[in-house]
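Letter by letter, the chains look like this.
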Amino acid sequence: MIEQALRAEPARRSEATDERPVVRGALIVVALLFVAVFLVLPLLVVFGQAFAKGVVFYARAIEEPDSLAAIRLTLVTAFAAVSLNLVFGVLAAWTIAKFRFFGRSVLVTVIDLPFAISPVVSGLVFVLLFGAQGWLGGWLSAHDIRIVFAPPGIVLATVFVTFPFVARELIPVMQALGNEEEEAAIVLGASGLQTFFRVTLPNVKWGLMYGIVICNARAMGEFGAVSVVSGHVRGLTDTIPLQVEILYNGYSFTAAFAMASLLAFLAIATLVVKSLVEWRLSRESKDGN
Amino acid sequence: MLLKERSILPGFVPAWSYTVLYVSLVLLIPIAALVLKAATLSWPHFWAVVGSPRVVASYRLSLLASLAGAGANAVFGLLIAWVLTRYRFPGRRIVDALIDLPFAMPTAVAGIALTTMFSPVGLLGRALIPLGVKVDFTPLGVGVALTFIGLPFVVRTVQPVLLDLDAEVEEAAASLGASRAQTVLRVILPSILPSWLTGFALAFARALGEYGSVVFISGNLPGKTEISPLIIITKLEQFDYAGAAAVATVMLVFSFLLLLLINLLQWWSARRFEPGARRQPA
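This one's a predicted model, so the numbers in the text were calculated from it and none came from an experiment.

Draft legend 1. The confidence of the model for chain A, seen in detail. All names here are of chain A. Averaged over all residues, the pLDDT of chain A equals 89, while 93% of them reach at least 70. Within chain A, no element has a lower average pLDDT than helix H6 (residues 137-142), which sits at 86, and none a higher one than helix H3 (residues 65-98), at 95. Contacts for the low-pLDDT stretch residues 1-6, under 50 throughout, to residues beyond four places or in other chains number 18 contacts.

Draft legend 2. Summary view of the interface of chain B and chain A. Residue-level contacts link 96 residues of chain B with 96 residues of chain A. Between chain B and chain A, the buried area comes to about 8,900 Å², and carbon and sulfur atoms account for 77% of it. For the chain B face of the interface with chain A, the top three residues by lost area are B:Leu9, B:Tyr87 and B:Arg88, together amounting to 8%. The interface formed by chain B and chain A holds one salt bridge in total.

Draft legend 3. A look at the packing of aromatic side chains. Summed over all chains, the structure comprises 27 aromatic pairs over all chains. With 5.0 Å between their ring centres and 80 degrees between their planes, A:Phe88 and A:Phe163 make a pair best called edge-to-face. With a gap of 75 residues between them, A:Phe88 in helix H3 and A:Phe163 in the loop between helix H7 (151-162) and helix H8 (164-177) connect regions that are remote in the sequence. For A:Phe163, a relative accessible area of 0% gives the class buried. An angle of 90 degrees between the planes, with centres 5.7 Å apart, marks the rings of A:Phe126 and A:Phe160 as edge-to-face. In this pair, A:Phe126 is assigned in helix H5 (residues 119-130) and A:Phe160 in helix H7, connecting sequence segments 34 residues apart. Across the pair, A:Phe160 and A:Phe126 agree in class, each one buried. An aromatic cluster is built from A:Trp94, A:Phe99, A:Phe101, A:Phe196, A:Phe197 and B:Phe12, whose rings are joined through pairwise contacts. In this arrangement the basic side chain of A:Lys53 is found over the ring face of A:Phe57, its NZ or CZ atom lying 5.0 Å from the centre. The ring of B:Trp82 carries the charged tip of B:Arg86 above its face, separated from the ring centre by 4.6 Å.

Draft legend 4. Structural view of the pattern of salt bridges. Under the defined criterion, the tally for this structure stands at eleven salt bridges over all chains. Linking A:Lys98 and A:Glu182 is a salt bridge whose minimum nitrogen-to-oxygen distance equals 3.1 Å. Placement of A:Lys98 in helix H3 and of A:Glu182 in helix H9 (residues 180-187) is noted, with a sequence separation of 84 residues between them. A:Lys98 sits in the buried class, given a relative accessible area of 4%. The residue B:Arg180 makes a salt bridge to B:Glu170 at a minimum N-O spacing of 3.2 Å. Remark: B:Glu170 occurs in helix H9 (residues 167-175) and B:Arg180 occurs in helix H10 (residues 180-209); sequence separation between them is ten residues. A single burial state applies to B:Arg180 and to B:Glu170, both of which are buried.

Draft legend 5. Main features of the side chain of A:Arg218. Along the chain, the position of A:Arg218 falls in helix H10 (residues 192-221). There is no salt bridge for the buried A:Arg218, and the closest opposite charge comes from A:Glu222, which lies 5.4 Å off by N-O distance. The contact partners of A:Arg218, leaving out residues within four places of it in the chain, are A:Thr162, A:Phe165, B:Phe103 and B:Arg206.

Draft legend 6. Examining the packing of H8(A) against H10(A) more closely. Residue and element names in this part refer to chain A. In the contact formed by H8 and H10, the axes pass within 8 Å of each other and the chain directions differ by 150 degrees. When the axis of H8 is compared with that of H10, the two are roughly antiparallel. Of the two elements, H8 crosses H10, and the hand of that crossing is right-handed. Between H8 and H10, the residues in contact are Phe165, Val166, Glu169, Leu170, Val173, Met174 and Leu177 and Phe196, Thr200, Asn203, Val204, Gly207, Leu208, Tyr210, Gly211, Ile212, Ile214, Cys215 and Arg218, respectively.

Draft legend 7. Seen up close, a negative patch on the surface. Residue and element names in this part refer to chain B. Negative charge collects at one region of the surface, where Asp164, Asp166, Glu168 and Glu171 lie side by side. Among the secondary structure elements, glutamate 171 is positioned in helix H9. For glutamate 171, a relative accessible area of 37% puts it in the partly exposed group.

Draft legend 8. Inspection of the nonpolar core at higher detail. In this structure, A:Ile111, A:Phe160, B:Leu34, B:Ile80 and B:Ile232 are the most contacted members of the largest nonpolar core, which totals 190 residues. Leaving out residues up to four positions away in the same chain, A:Phe160 has contacts with A:Pro114, A:Ile117, A:Ser122, A:Val125, A:Phe126, B:Val26, B:Leu27 and B:Ile31.

Draft legend 9. Inspection of H9(B) at higher detail. Residues and elements named next belong to chain B. Taken residue by residue, H9 has Glu170, Ala173 and Ala174 as its buried positions. The buried side chains of H9 occupy one side of the element, clustering within an arc of 100 degrees when seen end-on. Pointing more than 90 degrees away from the buried face of H9 are the exposed residues Glu168 and Ser175. Summarising the contacts, the buried residues of H9 are in contact with helix H3 (53-86) and H10. Where H9 ends, the next residue or the one after it, glycine 177, has phi of about 100 degrees, a positive value.

Draft legend 10. Region of the structure containing helix H2 (residues 43-50) of chain B. Residue and element names in this part refer to chain B. For H2, the full list of buried residues reads Phe46, Val49 and Val50. Projected down its long axis, H2 carries its buried residues within an arc of 85 degrees, all on one side. Looking at H2, the residues exposed on the side facing more than 90 degrees away from the buried face are Pro44 and Trp47.

Draft legend 11. Quick peek at the packing of H3(A) against H7(A). Residue and element names in this part refer to chain A. Closest axis-to-axis distance for the H3/H7 pair is 9 Å, and the angle between their directions is 50 degrees. Relative to H7, the element H3 lies oblique. Viewed along their axes, H3 and H7 form a crossing whose handedness is right-handed. Contacts from Leu73, Thr77, Ala80, Ala81, Leu84 and Asn85 of H3 reach H7 at Pro151, Ile154, Val155, Thr158, Val159 and Thr162. When grouped by side-chain class, the residues that make up the contact of H3 with H7 number eight nonpolar, four polar and no charged.

What counts and what doesn't
- Residues numbered from 1 in each chain as written.
- Chains lettered and ligands numbered in written order.
- Predicted model: local features only at pLDDT ≥ 70, side-chain atom pairs only at ≥ 80, totals over all residues.
- Heavy atoms only, no water.
- pLDDT = per-residue confidence, 0-100.
- Helix = DSSP H or I, 4+ residues; strand = E, 2+ residues; numbered from the N terminus.
- Contact = heavy atoms within 4.5 Å.
- Buried area = accessible area lost by both parts, 1.4 Å probe.
- Salt bridge = Lys/Arg side-chain N within 4 Å of Asp/Glu carboxyl O.
- Phe/Tyr/Trp six-rings, centres within 6.5 Å; stacked < 30°, edge-to-face > 60°.
- Buried < 20%, exposed > 50% of the residue type's maximum accessible area, 1.4 Å probe, protein only.
- Lys NZ or Arg CZ within 6 Å of the ring centre and 35° of its normal.
- Lys, Arg positive; Asp, Glu negative; His and termini not counted.
- Axes fitted to C-alpha atoms, helices over the stretch in contact; angles between N-to-C directions.
- Parallel < 35°, antiparallel > 145°, perpendicular 65-115°, else oblique.
- Left-handed = near helix turned anticlockwise from the far one by under 90°.
- Patch = residues over 30% accessible without salt bridge, like charges linked within 9 Å, V, L, I, M, F, W, Y side chains within 5 Å.
- Areas by Shrake-Rupley, 256 points an atom, 1.4 Å probe, with all protein chains shown as cover.
- Charge placed at Lys NZ, Arg CZ, Asp CG, Glu CD.
- Core = buried A, V, L, I, M, F, W, Y, C linked by side-chain atoms within 4.5 Å.
- Arc of directions from axis to C-beta.
- Nonpolar A, V, L, I, M, F, W, Y, C, P; charged D, E, K, R; others polar.

Put into structure tokens, the structure is as follows:
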């Protein structure tokens, strides 16, 4: 979604191709109202409720042992999922953007699959594979390995749900840049790795950075898939979103929103990084001209 | 071995192999496990599970609420994309950045925030309930959550196309005597139609599978406000793994059909906007 990075200021238009001021004003008001109700208000509610009982209560809600355990598990899970998907995303983008081969468009479609699959189904597949009744369940329990209802299952489900993100951001950026610079490097005697780290990576670093940030946001916030594989072992297999659910369903609304506000901060940070990346890209393209 | 065009760039075989291996391990084998699990049921049993009244009611709700959510996004998303690309107003950049919030905000957080907003003591619930509009614990609430989730799709697919439209085409229409309404309906709308439909289909696909933002606001009343993903969770909690797999397989088929449709739409819209694809003289 970085392709829209080069978004320009709306140009002033001539009278013939512009709406009357009344129409324009009305359209802007309706659009802003919709954005206010569906985007701004939910954010305000999260922070308003989180701090409803003051900063001390907020801090205490987050310092609960279960909450701290959830934060720790979320950080570990996101780190593992982002690392795995980063390596995959870079290799997949290199394959798809730099080469033309049989089955290329099939591969692109397959990488997009997790976008279309319900998160609940994404979690379910791992329960069916590794759960007690699953295909490998007997073998795993015979060897005393726990995957489902334990942290490894949470990591797997998170990897599944977030795996298109880095690849999706990188492929269009790499494709738009073309192959000439890499080909020149190879012809001049650079090795493949040198070419990648000295030529390709500097060119795609902003797209890559946004891919990592959005992959991380989704990994930390994933709910449906993780909820299916977690089994809700308190203090052991609850991530922040699951802890939010437990607190909320236990009528600890303020504590639930306090935990939720951590994720909302993360979402805002993600949007800020995205805007910065777009700003850098539009500046670079202006410099290039 | 691998059919590919010649290239002097190195690394194709290892990168391709790793990609295919990873996709197979993380994605394809687990999905196969699901379908195989559903296949352990006999046909009559499978149909009894996926066709039971409670499950059918969940498909109906999931489909209708997703259609409503994607429809609301089609209308308001187009409007927002239009306003963002055509007009200048204070805060435009902030609104533009905010559009991606549903991508970045975890669904559970959105779910509890929306539920609180529309609860009888919430900011909007307080105003709406006296008017007879109840949102929380009703199908309308499901639609509201799915509207939130799908908002970025239409805006982000239509926005670049609106930006790329040549001002000259509109000027030509205007100078040939078209009214502004005619220009919008007969010149602009047809050009953005493929991307608009793509955005709608993407929002719809996302809404069909959505779970986190819905479960809080819907109240999960069996047969009334129970979405299909929740049926899967319920079956899992009753250790009915094969039943869960059967319903999941039906959802998977829906997803694949939608993905096919989206790919067709994207191909259509790319063909339309490929430089010179249509204007090239024969």
